[in-house]
Amino acid sequence: MAHTITKATLGLTHPVEIESPKISFAAKDINLMEWKGDILAIGVTEKDMIKDENSKFQNAVLKMLDSQLNGLLSEVSTEEDFTGRAGQSTVLRLSGLGTKRVSLVGLGKGPTEGLTPELKLTTASAIATGALLGTYEDNRFKSESKKLALKSVDFLGLGTGPELEKKLKYTEDICAGVILGKELVNAPPNVLTPEVLANEAKKIASTYSDVFTASILDTEQCKELKMGSYLGVAAASANPPKFIHLCYKPPSGSVKTKLALVGKGLTFDSGGYNIKTGPGCLIELMKFDMGGSAAVLGAAKALGQIKPAGVEVHFIVAACENMISGTGMRPGDILTASNGKTIEVNNTDAEGRLTLADALVYACNQGVDKIVDLATLTGACIVALGPSIAGIFTPSDDLAKEVVAASEVAGEKLWRLPMEESYWESMKSGVADMVNTGGRQGGSITAALFLKQFVDENVQWLHIDMAGPVWNDKKKTATGFAIPTLVEWVVANSS
Ligand code: BES
Ligand code: MN
Ligand code: ZN
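Residues numbered from 1 in each chain as written. Chains lettered and ligands numbered in written order. Predicted model: local features only at pLDDT ≥ 70, side-chain atom pairs only at ≥ 80, totals over all residues. Heavy atoms only, no water.

Enquirer: Give a detailed account of the overall build of the chain, specifying residues and quantitative values.
Expert: Looking only at helices and strands, the chain has 14 helices and 17 strands in total. A compact globule built from 495 residues should have a C-alpha radius of gyration of about 23 Å, and the chain, at 25 Å, falls within 12% of that. Oriented by its inertia axes, the alpha-carbon framework of the chain measures out at about 85 × 50 × 45 Å. Counting over 495 residues, the chain shows a buried share of 53%. For the chain, the accessible area works out to roughly 22,200 Å², and carbon and sulfur atoms hold 53% of it. With 49 positive and 57 negative side-chain charges, the chain shows a separation of 3 Å between the mean positions of the two kinds. (Helix = DSSP H or I, 4+ residues; strand = E, 2+ residues; numbered from the N terminus. Rg over C-alpha atoms; globule rule 2.2 N^0.38 Å. Buried < 20%, exposed > 50% of the residue type's maximum accessible area, 1.4 Å probe, protein only. Areas by Shrake-Rupley, 256 points an atom, 1.4 Å probe, with all protein chains shown as cover. Lys, Arg positive; Asp, Glu negative; His and termini not counted. Charge placed at Lys NZ, Arg CZ, Asp CG, Glu CD.)

Enquirer: Run through the coordination of the manganese ion (ligand 2), naming residues and quoting values.
Expert: Around the manganese ion (ligand 2), the donor atoms from the protein are Asp269 (OD), Asp349 (O), Asp349 (OD) and Glu351 (OE), and they sit 2.1 to 2.2 Å away. Coordination at the manganese ion (ligand 2) is irregular, judged from the six donor atoms that bind it and the angles of 71 to 166° they form at the metal. Sequence positions of the residues that donate to the manganese ion (ligand 2) give the spacing D-x79-D-x1-E. In this structure the zinc ion (ligand 3) is found 3.2 Å away from the manganese ion (ligand 2), and Asp269 serves as a bridging donor for the pair. Accessibility expressed as a relative area gives 23% for Asp349, which makes it partly exposed. Overall, Glu351 belongs to the buried group, its relative accessible area being 1%. (Donors = N, O, S within 2.8 Å, 3.2 Å for Na, K, Ca; no water. Tetrahedral: all angles 85-135°; square planar, octahedral: opposite > 155°, others 65-115°.)

Enquirer: Explain a nonpolar patch on the surface to me, using residue names and the numbers behind them.
Expert: A cluster of nonpolar side chains, contributed by Leu69, Leu72 and Val76, occupies part of the molecular surface with about 270 Å² of accessible area. The residue Val76 is located in helix α2 (residues 72–76) in this model. (Patch = residues over 30% accessible without salt bridge, like charges linked within 9 Å, V, L, I, M, F, W, Y side chains within 5 Å. Salt bridge = Lys/Arg side-chain N within 4 Å of Asp/Glu carboxyl O.)

Enquirer: Report on helix α13 (residues 443–452), specifying residues and quantitative values.
Expert: An α-helix turns once every 3.6 residues. As a result, residues three or four positions apart point the same way. With nine of its ten residues buried, α13 lies for the most part within the structure. Every buried residue of α13 is listed here: Gly443, Ser444, Ile445, Thr446, Ala447, Ala448, Leu449, Phe450 and Leu451.

Enquirer: Go over the domain arrangement of the chain, please, and point to the residues and values.
Expert: When its domains are assigned, the chain resolves into domain 1 (24–174) and domain 2 (192–493). Counting from both sides, the interface comprises five residues of domain 1 and, opposite them, ten residues of domain 2. Interface area, domain 1 with domain 2, both sides summed: about 630 Å², of which 53% is carbon and sulfur. For the interface between domain 1 and domain 2, the tally reads zero salt bridges. In this assembly, domain 1 and domain 2 are joined by three residue pairs in polar contact (both at pLDDT 80 or more). Of the residues assigned to the side of domain 1 that touches domain 2, the class counts are two nonpolar, no polar and three charged. (Domains from an automatic or database assignment. Contact = heavy atoms within 4.5 Å. Buried area = accessible area lost by both parts, 1.4 Å probe. Polar contact = N/O pair within 3.5 Å; in protein donor to acceptor, adjacent residues only side chain to side chain. Nonpolar A, V, L, I, M, F, W, Y, C, P; charged D, E, K, R; others polar.)

This is how it looks when you write it as structure tokens:
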């Protein structure tokens, strides 16, 4: 049974190929009185909303609009925060109305006037992100789906020209990566097997063949590389493991920095013999256990479009399933990783770190300067930071600064947690170099200390535990978390 190729048709489910709706963006330099479309959304400040003793706007532009609309505006007007992320919610609400065209403007004597050129770009970008991601619905597995009405968004008063165009293109590239990431995570584990994930990676490489090369290693090749830790996790599954390696090289010019992005790629995590049981174990959601790899591949897609100079980037995923069968690893088994270190498996449900161990050794062998790994690694991280903040762990203050800065640009939430070396005590094994779990206390920290055993001292490394933010429990959908941060980090390392 084990490792016979099972086609991704189990359950007879196939994703419907949906043409992704295109929203076109245009920055225009026209008077808002002349703009034609369905909805005109205006960014205003609190001050703009002040009315005189006759309940009329004092702001000249609003006054003019209001008189054209016979006083309708002063009756229905509400306030919205216009800058930053708040712009996203404005578009989201408007586009829900079946509107085809929206225009977003800043008033002549209103908020955009005071915006620096930099802030105008950020505002336009936030609104475009809101329109693209706020209107996106993953309907691939529904038998019927509604069509998106929003066709175009015009920006008035946020400037025009190549810089804004470039920023909008960059925003669209990141959103395309985020949507791919969401789709990979949302796909059920009977459809998205390790092989299908590998095919998705190959698709990225062939779409952007000017900058990417792909190599996919099968079980035999991983055996040759002595990846005993990774293969131990994969051993129970009928769907064979696939080790994914994409390499990005800039289209021209020399490479100054070499980076690796390593993602946990468990297409399903049953827990293995330490099976996930009981309420709250979330076994039915464990398709999201490849969220780290979705972040890595989503970033790869975006970067394939952005094509930053001066950086080489390796995208690495040791993809597999954590299942149960007669060929599976047992609690008590000792695995040998590709750096020669031995691991006593005291819990088969701590499988992510076992796959990452060999992936990190492989990443170091690519001669990279810096590694960021991403994983839905521990439930303990959700206990510590809740559902929307990722934990980061690194011995390097410099790399922590870089990644935190990137996350701030991207508007994503990370919090650095300590790598308390004394906790390594709990990872001692009587028979092997280490065990794979150190008990309940400081579970995310001991997991990070485990990973550190597989990273060369001279490589800067940072681990992101994204067990919380990978999934939006209210919306029952993937978030695409970390993709914007990863893109910003790689771009910040480019020249
Ligand atoms: N994929 C899980 C972590 C996880 C749990 C993510 C819940 C999101 C929600 C991981 O493989 C796992 O099972 N970790 C164990 C480690 C433990 C056995 C030391 C955990 O967190 O319970
Ligand atoms: Mn697990
Ligand atoms: Zn897992």
